[in-house]
Amino acid sequence: MHRSNEMSTAQSVEAHAIDPVCGMAVSLKTAAGSFEYNGQTYYFCSRHCLAKFHSKPESFLNRPAAPMMTQPVGIQRAKPSQKTTSFTCPMHPQIVRNAPGSCPICGMALEPRTVSLEDEENPELTQMSRRFWVCGGLSIPLLLIGMSELIPGARFESLVPMGVRGWIELGIATPVVLWGALPFFARAWQSLVNRALNMFTLIGVGVGVAYLFSVIAKLFPEIFPQSFRDASGNVPVYFEAAAVITTLVLLGQVLELRARSRTGAAIKALLGLAPKTARRIRADGSDEDVALEHVKVGDRLRVRPGEKIPVDGAVIEGASAVDESMISGEPIPVAKQTGDRVIGATVNGTGSFVLQAERVGAETLLAQIVQMVAEAQRSRAPIQKLADLVSAYFVPSVFAISVLTFVVWSFWGAEPRMAHGLVNAVAVLSIACP
């Protein structure tokens with residue numbers, strides 16, 4: 001396929017560097033400050049990051065991170081055989097990395113900053129879909145077992161003893177939590193390392209605490225006070241809560257990734273509107289078919305009836321009617337004659353004309369539309385900024401409330417106080433998971 005060659009590389013000339021503290025891309029023109037260390041100059045997005053780096057530079061330089069080298073940042077259109085080398089977060093475009101990974105701010109998977117026409121599957125969507133279907137299939141019976149006492153007519157406890165039921169729940173919940181929730185645990189840990197708490201922090205901690213508490217309660221019930229155990233000596237567990245929360249978060253990830261994939265498909269469809277070749281007129285007046293990327297400004301191009309117009313330009317010979325519905329939405333063809341301008345990827349009618357190329361590659365109107373759609377896909381909606389702000393306060397608040405719950409129950413709660421405090425603190429973390 002040659003369609004990706006139709007758009008020449010469009011790069012920003014503004015130089016950027018990577019903040020070694022928070023990982024954000026920083027414009028050298030608007031950097032809040034710089035600091036030279038061991039012969040290397042580092043740039044920072046804020047005075048806060050500069051102060052943190054100044055106090056302990058080695059703690060930020062010794063951890064794995066993207067190279068701090070200054071590099072141009074811009075949207076690129078890759079050839080089918082070209083490998084993308086730049087990745088960014090859809091919600092935080094200032095995050096730029098040289099390899100796939102997760103956003104240090106929100107935990108979302110980084111996407112290539114290249115618009116490519118390769119018909120590749122989204123590996124993250126494939127992975128998340130597989131995890132969702134497996135975890136969903138395991139969570140349904142786990143939920144029915146855990147909630148059997150609340151379902152009218154359900155007699156599961158009469159078929160399977162309580163002691164055995166707990167082992168069944170442990171066996172079903174373990175692959176859901178340890179395999180299905182593994183990406184969330186990785187993102188939660190990354191958020192702690194980067195000191196950028198987000199909803200994945202809460203999900204990872206909540207699911208992990210609920211599962212570990214349940215495992216301990218099942219394996220070592222004797223460490224819990226008698227008031228926590230039933231007649232058979234079993235302690236209530238949160239296996240179904242951990243599994244269902246994991247499945248619901250996976251569902252949200254799948255829906256989000258599918259929506260973003262549809263936007264990518266729309267970009268590919270836009271790029272597919274342009275023709276692959278153009279009929280260029282030689283100096284001796286003869287015609288030759290050339291690949292679209294070889295067309296230069298000033299070339300004379302012949303457009304025959306029914307063909308797509310290759311690039312933006314002006315009619316210099318002949319006349320016709322052009323279907324510009326792709327741009328304007330107007331179904332009635334527009335008459336074109338000498339001096340009129342035509343738009344690349346629109347469809348010529350029954351006439352024939354010669355145009356002089358004025359804008360080619362990334363300068364065409366179609367290329368600019370593609371670039372705007374790609375930038376819109378990676379830009380943040382205003383509500384996302386509010387969500388980031390809420391997460392920055394909500395996650396620490398949940399942890400603080402959990403600790404406060406443990407302290408209050410431990411000092412002023414009913415006996416056994418420590419046990420009540422532990423159980424209620426775990427409940428706060430589990431309930432707060434989105």
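Residues numbered from 1 in each chain as written. Predicted model: local features only at pLDDT ≥ 70, side-chain atom pairs only at ≥ 80, totals over all residues. Heavy atoms only, no water.

## Here we look at the overall build of the protein
- The helix and strand tally for the protein stands at 12 helices and 18 strands.
- Of all 434 residues assigned to the protein, the portion counted as buried reaches 43%.
- The contacts of the protein with a sequence gap of at least 6 include a subset with a gap of at least 24, amounting to 64%.
- By element, 62% of the accessible surface of the protein is carried by carbon and sulfur atoms, the whole surface being about 22,000 Å². (Helix = DSSP H or I, 4+ residues; strand = E, 2+ residues; numbered from the N terminus. Buried < 20%, exposed > 50% of the residue type's maximum accessible area, 1.4 Å probe, protein only. Contact = heavy atoms within 4.5 Å. Areas by Shrake-Rupley, 256 points an atom, 1.4 Å probe, with all protein chains shown as cover.)

## Concerning the packing of aromatic side chains
- What the rule picks out here adds up to 5 aromatic pairs.
- Above the ring of Trp-179, the side-chain terminus of Arg-131 is found at 4.9 Å from the ring centroid.
- A cation over an aromatic ring shows up here: Arg-187 above the ring of Phe-200, its NZ or CZ 4.9 Å from the ring centre. (Phe/Tyr/Trp six-rings, centres within 6.5 Å; stacked < 30°, edge-to-face > 60°. Lys NZ or Arg CZ within 6 Å of the ring centre and 35° of its normal.)

## Let's talk about the pattern of salt bridges
- Overall, the coordinates contain 10 salt bridges when judged by the stated rule.
- The closest approach of N and O atoms between Arg-187 and Glu-124, which form a salt bridge, is 2.9 Å. Highlighted residues: Arg-187 in helix H6 (residues 182-193) and Glu-124 in helix H3 (residues 123-146), separated in sequence by 63 residues. For the pair shown, Arg-187 and Glu-124 are each scored as buried. (Salt bridge = Lys/Arg side-chain N within 4 Å of Asp/Glu carboxyl O.)

## Details of a nonpolar patch on the surface
- Together, Ile-383, Leu-386, Leu-389, Val-390, Tyr-393 and Phe-394 line one region of the surface with nonpolar side chains, adding up to about 610 Å² of accessible area.
- In this structure, Leu-386 sits in helix H11 (residues 382-412). (Patch = residues over 30% accessible without salt bridge, like charges linked within 9 Å, V, L, I, M, F, W, Y side chains within 5 Å.)

## Description of the nonpolar core
- Of all hydrophobic cores here, the largest spans 36 residues; its most connected members are Phe-184, Tyr-211 and Phe-239.
- Broken down by secondary-structure element, the contributors of at least two residues to this core are H3, helix H5 (162-180), helix H7 (199-219), helix H8 (239-271) and helix H12 (417-432).
- Those residues in contact with Phe-239, other than ones at most four positions away along the chain, are Leu-142, Gly-166, Glu-169, Leu-170, Ala-173, Tyr-211, Ser-214 and Val-215.
- The next biggest cluster of nonpolar side chains, apart from the first, holds 23 residues, and it includes Leu-270, Leu-271, Val-311 and Leu-366. (Core = buried A, V, L, I, M, F, W, Y, C linked by side-chain atoms within 4.5 Å.)

## So, H3
- Across its 24 residues, H3 extends 34 Å between first and last C-alpha, which sits within 8% of the 34 Å expected from 1.5 Å per residue.
- Looking at H3, one finds that the buried residues are Glu-124, Leu-125, Met-128, Ser-129, Arg-131, Phe-132, Cys-135, Gly-136, Ser-139, Leu-142 and Ile-145. (Expected span 1.5 Å × (residues − 1).)

## Observations regarding the pairing of strand S12 (residues 287-291)
- In terms of strand pairing, strand S11 (residues 277-281) meets S12 through 5 bridges, oriented antiparallel. In the sheet register, Thr-277 faces S12, and the bridge partner there is Ala-291.
- Where S11 folds back on S12, the antiparallel hairpin that results is connected by 5 residues, among which Gly-285 adopts a positive phi of roughly 95°. (Pairing = 2+ DSSP bridges.)

## So, the pairing of strand S14 (residues 312-323)
- As defined by bridge partners, S14 adjoins strand S18 (residues 352-359) across 7 bridges and the pair is classed as antiparallel. In the strand pairing of S18, Asp-312 is matched with Arg-359.
- Looking at chain direction, S14 and strand S16 (residues 341-342) are connected through 2 bridges and run antiparallel. The residue bridging Gly-313 from the neighbouring strand is Val-342, located in S16.
- Bridge analysis of S14 against strand S17 (residues 347-348) gives 2 bridges, and the strand direction is antiparallel. Looking across to S17, one finds that Asp-323 is bridged to Val-347.

## Re the confidence of the model for the protein
- The predicted model of the protein averages 78 in pLDDT, with 78% of residues at 70 or higher.
- In the model of the protein, strand S5 (residues 71-72) stands out as the element of lowest mean pLDDT, 33, in contrast to strand S13 (residues 300-303), which has the highest, 94.
- Throughout residues 1-14 the model reports pLDDT below 50, and contacts reaching past four residues in sequence, or to other chains, amount to 45 contacts.
- Here residues 63-84 scores under 50 on pLDDT; set against residues more than four positions off or in separate chains, the count is 70 contacts. (pLDDT = per-residue confidence, 0-100.)

## So, H7
- For H7, with 21 residues, the first-to-last C-alpha span of 30 Å sits near the 30 Å given by 1.5 Å per residue.
- Counted residue by residue, H7 has 15 buried out of 21 residues, so it is predominantly covered.

## Describing the environment of Pro-20
- In this fold, Pro-20 is placed in the loop between strand S1 (15-18) and strand S2 (25-27).
- The spatial distance from the C-alpha of Pro-20 to the C-alpha of Tyr-42 is 7.4 Å, given a sequence separation of 22 residues.

## Considering unusual backbone geometry
- Positive phi, normally seen in glycine, also occurs at Ala-345, with a value near 80°.
- By secondary structure assignment, the location of Ala-345 is in the loop between S16 and S17.
- The class of Ala-345 is buried, set by a relative accessible area of 5%.

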